[in-house]
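Working through the structure, step by step
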Amino acid sequence: MADHWTAKLDAYLDGELPADEMRELDAHLRGCPSCAADVLGRLQMKRAVHSAGMRYRPSPDFRERVRKNIAAKPRRSPMRGWLGAAVAVALVVVVGFVTLSVRRGEMRRQEAFSELADLHVATLASANPVDVISTDRHTVKPWFQGKIPFTFNLPELQGSEFILLGGRVAYLGQSPGAELIYQIRKHQISVFIFQDRGVGRELGSSAQPRKELSFNIETWNQSGLRYFVISDASGDDIRKLAQMLKAAS
Amino acid sequence: MPLFDQLYNFAHWLAQDRTEAEDLVQETYVKALKGLSSFQPGTNFRAWMYRILRNTFLTSRTGLKASATIALDADDSPELSAGPETPETILIEHSQHQFLQAALEALPVHFREVLLLCEVEEMSYQEIAEALSIPIGTVMSRLSRARKALRNSLQQKLVRS
């Protein structure tokens, strides 16, 4: 065990080491089984804490209460001068939801959609969008064994324009599920699969892809699982991939 | 409204009580709205929101009680390595989620918050420093001690079980 590296393993896994040390440690790990095992243990712990830490969810009633409360607060009028771009963003985030539709169903639908859109965008923005990198469905599907409490089938892509890039575990409503990333031309598509225990039901069962804030989304329930296909790709592409997934299940 | 869920989760972990967590989140949004003028464009908005929430918590009754029990930062015990038969491997083998949650709950609040911001919110050290109003060096040392404390606590819990 190279002791001087041990103290840096956490910073390494947190992505906080300077680039040159990152490279040095990468190289060291390839030749040091003891450090490699140590890193693996720490990584498992990080993942376990990540998942155990996402524990509490606000109740819909509370969400509604805060929304109303904030909407009722008189805001200060002199907003000139400091309303820079970042503050504008802050305003949108803080009070934006106040202007959402007052119809409960519509709000819930928007929430469900925005959670999915967030998951999709966060994946694309991530430096490591997938945890299992493979274009082979026979590699990607088994990777999820033991990580999610169900199994699923993936379609054969030969002869189609779609490419499977890989997958990762995603959480929606505190339930673990699979996120698969496909590519068609320059567009990336997220396919989410969760147990159908009410997650995202607000989005309904769309037979046709729907357009929401420039994302196309299609969702359906099949064999006790709920599927979501979301992307900025065209509605036609979404529909084609959805049909292939339905046929495979 | 993703920040809402995240702030609520963090608040509940800090306060360990649903009603208190709701009060904290509610007050955070009210304060944020009132104090938008003090938000400096170009700085991190998420860290700013967490800072408001945490300061609100620290001045609450539960927060005052929790902060009164904060241990000193000094710690000379050697860095543990995570070899075979470590809390991590035992934990994974047993898939005992609740052990980890109980161990997190039992951590002192200054360890719990830094771990949650790093592992659950996936904040950078810089963001954590801003959210907790502490220097980045303190973030690193506190994280390291928090992880050590969590592993020790898990080890004890698993041995006892």
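Cut-offs and rules
- Residue numbers run consecutively from 1 along every chain, following the written order of its sequence.
- Lettering of chains starts at A and numbering of ligands starts at 1, both following the order in which they are written.
- In view of the model being predicted, local features appear only for residues whose pLDDT reaches at least 70, and side-chain atom pairs are presented and counted only at 80 or more, with totals across whole chains, interfaces and linings using the full set of residues.
- Here a strand is any run of E in DSSP of at least two residues, a helix any run of H or I of at least four, and the numbering for each starts at the N terminus.
- Two residues qualify as being in contact provided that their C-beta atoms, derived from the backbone, are within 7 Å of each other.
- Each residue is classified by how many other C-beta atoms fall within 10 Å of its C-beta atom, where C-beta atoms are placed from the backbone; a count of 20 or more means buried, 12 or fewer means exposed, and values in between mean partly exposed.
- Residue count minus one, scaled by 1.5 Å, sets the expected span of a helix.
- A pair of strands counts as paired when DSSP detects no fewer than two bridges linking them.
- Axis definition: a line fitted to C-alpha atoms, over the contacting stretch in the case of helices. Angles run 0 to 180 degrees between N-to-C directions.
- Just so you know how the angles are binned, under 35 degrees is roughly parallel, over 145 roughly antiparallel, 65 to 115 roughly perpendicular, and the rest oblique.
- Crossing handedness is read from the near helix: turned anticlockwise from the far helix by less than a right angle, it gives a left-handed crossing, and turned clockwise, a right-handed one.
- Residues are grouped as follows: Ala, Val, Leu, Ile, Met, Phe, Trp, Tyr, Cys and Pro are nonpolar; Asp, Glu, Lys and Arg are charged; every other residue, Gly included, is polar.
- Buried Ala, Val, Leu, Ile, Met, Phe, Trp, Tyr and Cys residues form a nonpolar core when they are connected through C-beta atoms within 7 Å.
- One confidence number per residue, pLDDT, is output by the predictor and ranges from 0 to 100.

Counting its regular elements, chain A contains nine helices and seven strands. Relative to all contacts within chain A whose residues are 6 or more apart in sequence, the contacts with residues 24 or more apart total 57%.

From N to C terminus, chain B includes nine helices and zero strands. In sequence order, the secondary structure elements of chain B are arranged as α-α-α-α-α-α-α-α-α. The buried share of chain B, taken over its 161 residues, is 41%. The contacts in chain B between residues at least 6 apart in sequence include a share of 68% that link residues at least 24 apart.

Compared with the 36 Å implied by 1.5 Å per residue over 25 residues, the 36 Å span of helix H9 (residues 136-160) of chain B between its first and last C-alpha is a close match. For H9 of chain B, the full list of buried residues reads Val139, Arg142, Leu143, Ala146, Arg147, Leu150, Arg151, Ser153 and Leu154 of chain B.

Moving on, we get to unusual backbone geometry. Residues and elements named next belong to chain B. Of note in the backbone geometry, Gln16 takes a positive phi value of approximately 60 degrees without being a glycine. Position of Gln16 among the secondary structure elements: in the loop between helix H1 (2-15) and helix H2 (18-34). Its identity as a non-glycine residue notwithstanding, Glu122 has a phi of 55 degrees, on the positive side. Mapped onto the elements of the fold, Glu122 is located in the loop between helix H7 (109-120) and helix H8 (125-132).

Moving on, we come to helix H3 (residues 19-31) of chain A. The end-to-end C-alpha distance of H3 of chain A is 19 Å, a good match for the 18 Å that 13 residues give at a rise of 1.5 Å each. By the criterion of burial, H3 of chain A is predominantly exposed, with just one of the 13 residues buried.

This part takes up the pairing of strand E4 (residues 187-195) of chain A. Residue and element names in this part refer to chain A. In terms of strand pairing, strand E3 (residues 175-184) meets E4 through seven bridges, oriented antiparallel. From the neighbouring strand, Ile184 faces E4, where its bridge partner is His187. The hairpin turn running from E3 into E4, its antiparallel successor, is two residues long, and Arg185 in that turn takes a positive phi close to 50 degrees.

Glancing now at the packing of H2 of chain B against helix H3 (residues 45-58) of chain B. Residue and element names in this part refer to chain B. Between H2 and H3, whose axes approach to 9 Å, the crossing angle comes to 125 degrees. As judged from the angle between their axes, H2 and H3 are oblique. Relative to H3, H2 is oriented so that their crossing is right-handed. Here H2 contributes Leu24, Glu27, Thr28, Lys31 and Ala32 to the contact with H3, which in turn contributes Met49, Ile52, Leu53, Thr56 and Phe57. Class assignment of the residues belonging to the contact of H2 with H3 gives a composition of six nonpolar, two polar and two charged.

On to the packing of H8 of chain B against H9 of chain B. Residue and element names in this part refer to chain B. Here H8 crosses H9 at 100 degrees, and the two axes come no closer than 8 Å. Relative to H9, H8 is oriented roughly perpendicular. In contact with Tyr125, Gln126, Ile128 and Ala129 of H8, H9 contributes Ile136, Val139 and Met140. The residue makeup of the contact of H8 with H9, split by class, is six nonpolar, one polar and no charged.

Looking now at the pairing of strand E7 (residues 225-231) of chain A. Residues and elements named next belong to chain A. Burial analysis of E7 places six of its seven residues in the buried class, which makes it a mostly covered element. Looking at chain direction, E4 and E7 are connected through seven bridges and run antiparallel. Among the inter-strand pairings, Ile193 is bridged to a residue of E7, identified as Tyr227. As defined by bridge partners, strand E6 (residues 215-222) adjoins E7 across seven bridges and the pair is classed as antiparallel. Residue pairing across strands places Asn221 opposite Arg226, the latter belonging to E7. Remark: two residues form the turn of the hairpin made by E6 and E7, two consecutive strands paired antiparallel; Ser223 in that turn has positive phi of roughly 50 degrees.

Take the nonpolar core next. In terms of nonpolar packing, the biggest core is built from 49 residues, with Ala11, Leu53, Val114 and Ile128 of chain B touching the most fellow members. Of all the elements in the fold, those that place two or more residues in this core are helix H4 (33-53) of chain A together with H1, H2, H3, helix H6 (97-106), H7, H8 and H9 of chain B. The contact partners of Val114 of chain B, leaving out residues within four places of it in the chain, are Ile128, Leu132, Val139, Arg142, Leu143 and Ala146 of chain B. If you look at the next biggest cluster of nonpolar residues, it comprises 28 residues, including Ile181, Phe228, Ile238 and Leu245 of chain A.

Residues and elements named next belong to chain B. Among the structural elements, Phe45 can be located in helix H3. Residue Phe45 is classed as partly exposed on the basis of its C-beta count, with 18 C-beta atoms lying within 10 Å. Taking the C-alpha atoms as reference points, Phe45 and Glu127, separated by 82 residues in sequence, lie 9.6 Å from one another.

All names here are of chain A. Of all residues in chain A, 77% have pLDDT values of 70 or greater, and the mean over the chain is 79. Here helix H6 (residues 85-95) is the element of chain A with the lowest mean pLDDT, 49, and helix H2 (residues 9-13) is the one with the highest, 92. Counting contacts from residues 77-86, a segment whose pLDDT is below 50, to residues more than four positions away or on other chains yields eight contacts. Within the model, pLDDT remains below 50 along residues 94-103, and this stretch shows 14 contacts once partners closer than five positions in the same chain are excluded.

What follows is about the environment of His12 of chain B. Inspection of the secondary structure assignment puts His12 of chain B in helix H1. A sequence separation of ten residues divides His12 of chain B from Glu22 of chain B, and the C-alpha atoms of the two residues are 7.9 Å apart. Beyond its immediate chain neighbours, meaning those up to four positions away, His12 of chain B contacts Tyr56 of chain A together with Arg18 and Ala21 of chain B.

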